[in-house]
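Observations on the model geometry
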Amino acid sequence: MAAGAIRLPASRDQERAELEQTWRVGPGFWGWLCAAEHHEIGKRFIVTAFGFFLAGGVLAALMRLQLARPNNTLLGPDLYNQVFTMHGTTMMFLFAVPVMEGLGVYLVPMMVGARNIAFPRLNAYSYWLYLFGGLLLYVAFFVNVGPDAGWFAYTPLSESLFSPSKRVDIWAQMITFTELSALAVAIEILVTVFKLRAPGMSLSRIPLFVWAMAVMSFMVIFAMPAIMLGSTALILDRLVATRFFVPSQGGDPLLWQHLFWFFGHPEVYIIFVPATGVISAIIPTFTGRRIFGYVPLVLSLVATGFIAFGLWVHHMFVTGIPQLAGSFFTAASLMIVIPNGVQVFCWIASLWRGRVRLASPMLFILGFFAVFVIGGLTGVMLASVPLDAQVHDSFFVVAHFHYVLIGGAVFPLFAAIYYWFPKAVGRMLSERLGAWHFWLFFVGFNLTFFPMHVLGFRGMPRRVYTYAPDLGWSTLNLLATAGAVIMTAGVTVFLVNVAASRRRGALAGDNPWNAATLEWATASPPPPYNFLPMLTVAGRDALWDARPAQPVVTGLRSDVRDVLVTRVVDAEPDHRVTFPNNSIWPFLAALASTVMFIASIYNPWGAVWGSVPILVALVGWFWPKEEEFRQRLEGEDPKWEPSLPRA
Amino acid sequence: VGTIASTGVASPPIDVSGLPPYAFGHRSVIWWGTLGMIVIESTVFGLALASYYYLRSRAPSWPPAPLAPPGLLWGTLNTAILLLSCVPNVLYQRAARRFDLGRSRLWLAVALAFAVAFVAVRCLEFTTLNCRWSTSAYGSIVFMLMGLHSTHLVTDLLDSLVLAALFWSPKVEARRFVDLSENGDYWYFVVLAWLPIYATVYWAPRLL
C-alpha cells in the first residue's frame, strides 16, 4: 500500500507539534484527574509511595523511641500494636510494591521504545485505587481504627471474637485496593513488554531491568490472588459469619497462614526482583562495560520467580506441620540461594572487569552488596528448622528481614532515584549530598539493625511494647534507637537534595551517564510521546550497539494515539493500534470502587448496590466518544473498515 | 560509543503506515490483556479449590453430618447449558473474524440468551446446595466457590450486554470485532473454570 493512505503529518516539525497535542496531559486540575500517561502515572506512584515510606518511617521512629529504654511510656500497648501493624502494612503494601511498580510504569515503556504503557486508562485506575486504599488506611488510623493484628493479620487473633472493632476490616479491605491495583499494573507491564517493543528488540535483547519487571509481574499475577482470596475469606468470617478459620466449626486458622504466606513469601521477591533489575541497569553504566552473564542473569531471575513459590511453609515451621514438610521446605529455601548466588557473582564479575565510577547510584549499589549478603546469610540460617524454632518471633527475625528488604530493595531504590532522577526531572541530584545521604543511611542502618541479631539471641521477642530493665536488652536497644536517628538524618538529607536539585541542579541533558538503554535516547524530561522518531534496536545495549545508520520507524499517525504493536519473540512490526485518550472515567471508576469497598465493610449489601455505580463508570469508560471515534476513522485507510450498515 | 539520537536517520526508515490498525487473536494487545485476567482468575479458582480440599482433609466427615451433598439436578442441567453455550460462542467469534455484522449480532444474542438462562438456573442451584455459608467451614467454602463463579458469570453477562449494545449502535467499527472475538475467549474461560468447580461441589462429597 502506498504511504499516505492514512493521515500522516507533512513534516517532522508538524509531526512533533501534533504529537505534543495528541499525547499531552490536559491542562489544570481536570487534566490532572484525566491523565492516562505513563510518565505522569509512574511519577505519581513513586511520589505517593515515598510519601507512605516517610509515614511508615515516622511510625518506625516512634517504635524505636518507645523501645529506647525499658518501661518507657511513650506509646501504650494498644497504640503500639497499631503502630507496628501500620508500619509493616505501609512498608509492604503501600511502599515497597507500589514504588517498584511505579518504576516499571515510568521506565518500561521507554526502555522498550514504546509511546505509552499498554492499557493506559487501566494504569490511571490502578493509581487511583492505590491512593484511595492508602488514604483509607491512614484516615482509619487517625480516628483510632488503625489495624492492630500485625501486617499478616493471623487468625484467630484477627477474627471478630478477638478483634471486634472495625480495625481488621479496614486492613482486609486495604488489601483489596492495593492488590487489585498491583494486579492491573502487572498486566499492563507484561503486555507492554510482550507487544510494544521496538523493532529489533527480540527476547534476547530485552534490557535486564525490563526482564526483572516482567518476572515481577508474573509473580504478582500468581501471588496476589492468594492474599485477595484470603482477605476476602477473613472479612466474610468477620462480617457475615462464614467459618473459614473458625476451628469449632470445621475451619482452620492454618488455612489463613497458608494463603497468606503463599502470597507473602513471593512478595519478598516481588520487591527484590525489580531491585535486581536496577542493579543490572546501573552496573554496566558505571563500569562502562557490558554486564557479565546476561543469559545466566535472566535465567536466575526466572528461576527465582519459580522457586519463590515453593518456600512459603518456612514461615510456618513452628505451627506443628509434619516433619517431612519441614525438610522439604528447608531444602527449597536453601535452593533459592543458587540463582541469587549466580546473580551476585555475575555482578561481581561485571565490577571486576570494569573501571568503577563511584557516583551516588554506584555507592548505593555497593551498599546493597554489603547489606543484602548479610541478610541472605541469616536467611540461610532461618531456613533450617532447628534454628528457626529457636529464634522464631524474636528480634533476630526482625534484623534478618530488614537486612533483606532494606538491603535488597531500599538501597537499590535510592540508587535508582539518583540514576533516573535526571531523566525524569532534567536536572542532576547533588553528588555531595548523595554521599552524605549514603553514609548516614548506611551507618545508621547497620547501627539500628545489627544489634537486633544479638537482641534476638538474648531472647527479646518481636512486637513487645516494652521490656523490664533487668533483662540485659537496654544498651543494645538504645544503640538501635541511636541508629534510627542517624538513618532519619540520612533520609532528611535525601529530601533536601531532591528539593534543592529539582530547581537548581546541573542540567542533565539526554544521557548524562552515557548509559545504554533506550530511555536515554530521548529528552530529559521525556516528551509525553517518548520518541520522535521511533527507534529500532540492534543489540542488547541498544545505544552502545546502534549502528551508524540505525533505521528508525515512520508511518504512525500523530493526530491520534497510534502505537506500533510488534511480535512477541522477534519484535517484528505486526500492526498499529490506537490507544485511548485521557479520560475522567478511570478516576470515577476508582471512586465508585472505593465507595463500594468501604460501604461493604459497614453493610454486606454495600457490595451489591455499590456495584451499580462501578458498572456505570465502566460503561462510560468503554463507550466510544463521538469525537475520538470520528477522528480515528477519518484518518484511517478505508480499506481496513469493512462496509458496515450505518444507522 | 554512539547513540541513536546522534546517528540521525541515515538508513531508509521502516515504514509501518501500511500495517493494519487492528489484529485478531494472539497478535492483539487485548488478547494478551484478557489472557492476563484469565491467569489471575484461574489462580483464584485454583486456590479456592485447594482450600476446599484442605478443609476437607481436616474434617472427620464431608459434608459434615448431618448435611447432605448438594442436589444434582440444577447443577448438572446448568453444566449442560454452559457447554452448549459454546456453540453460539464459536459462531459469533467466526462471524466477528469475517466482519459479518448480521451474524455477529445474531449469535451474540443467542449467546446472551444462554447466559441469562444460566444465571436463572444458577439461582435455583443456590436453593439446593443443602447448606448455608454459616453452618460450617464446608458451607463457607461451597458458597465461596459458587459465589466466585457466579460473580464471573454476572460480570461477563453485563460485559456482553454492553458489547451487544455497541454492536447495535452506529459506533460499531472494524476493531470492535476484535473486542467481540476476545469476549468469546473470556467466555470459554468461564465455562472451563466451571467444570472443576462442578466436579468438586457436586461430586467430591459423593465420590471421594
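Here's a quick rundown of the structure. (Residues numbered from 1 in each chain as written. Chains lettered and ligands numbered in written order. Predicted model: local features only at pLDDT ≥ 70, side-chain atom pairs only at ≥ 80, totals over all residues. Heavy atoms only, no water.)

Within the structure shown, the criterion is met by 89 aromatic pairs over all chains. Taking the centre distance of 5.7 Å and the plane angle of 75 degrees together, the rings of F260(A) and F263(A) count as edge-to-face. Residue F260(A) and its partner F263(A) are located together in helix α8 (residues 253-287), separated by three residues, close to a single helical turn. There is no split in this pair, since F260(A) and F263(A) are both buried. Taking 5.4 Å as the distance between ring centres and 75 degrees as the angle between the ring planes, the aromatic pair formed by F99(B) and F177(B) counts as edge-to-face. Placement of F99(B) in the loop between α4 (86-97) and α5 (101-127) and of F177(B) in helix α7 (residues 176-207) is noted, with a sequence separation of 78 residues between them. Exposure remark for F177(B): the relative accessible area of 0% places this residue in the buried category. The ring of W32(A) has R44(A) lying over it, and the distance from NZ or CZ to the ring centre is 4.4 Å. (Phe/Tyr/Trp six-rings, centres within 6.5 Å; stacked < 30°, edge-to-face > 60°. Helix = DSSP H or I, 4+ residues; strand = E, 2+ residues; numbered from the N terminus. Buried < 20%, exposed > 50% of the residue type's maximum accessible area, 1.4 Å probe, protein only. Lys NZ or Arg CZ within 6 Å of the ring centre and 35° of its normal.)

Three or four residues apart is the spacing at which side chains of an α-helix point the same way, because the helix has 3.6 residues per turn. All names here are of chain B. Under the 1.5 Å per step criterion, the end-to-end length of α5 is 40 Å for 27 residues, consistent within 8% with the ideal 39 Å. Among all positions of α5, only L101, S104, L108, A111, L112, A115, F118, V121, R122 and E125 are buried. The backbone nitrogen of G102 lies 3.3 Å from a side-chain oxygen of the residue at the head of α5, namely D100. (Expected span 1.5 Å × (residues − 1). Polar contact = N/O pair within 3.5 Å; in protein donor to acceptor, adjacent residues only side chain to side chain.)

This part covers the interface of chain B and chain A. Interface size is commonly expressed as the accessible area that is lost once the parts come together. Listed as interface residues are 67 residues of chain B and, on the opposing side, 81 residues of chain A. Summed over both sides, the interface between chain B and chain A buries roughly 6,200 Å², with carbon and sulfur atoms accounting for 70% of that surface. Put simply, R58(B) and D252(A) hold a salt bridge, and the shortest N to O gap is 2.9 Å. Put simply, chain B and chain A have 20 residue pairs in polar contact (both at pLDDT 80 or more) between them. The set of elements that each furnish at least two residues to the side of chain B that touches chain A consists of α1 (4-7), β1 (14-15), α2 (29-57), α6 (137-167) and α7 of chain B. (Contact = heavy atoms within 4.5 Å. Buried area = accessible area lost by both parts, 1.4 Å probe. Salt bridge = Lys/Arg side-chain N within 4 Å of Asp/Glu carboxyl O.)

A separate point is the environment of I46(A). Residue and element names in this part refer to chain A. Relative to the assigned elements, I46 resides in helix α3 (residues 38-67). Taking the C-alpha atoms as reference, I46 lies 33 Å from M316; in sequence the two are 270 residues apart. Discounting chain neighbours no more than four positions away, the residues touching I46 are V99, G102, L103 and I417.

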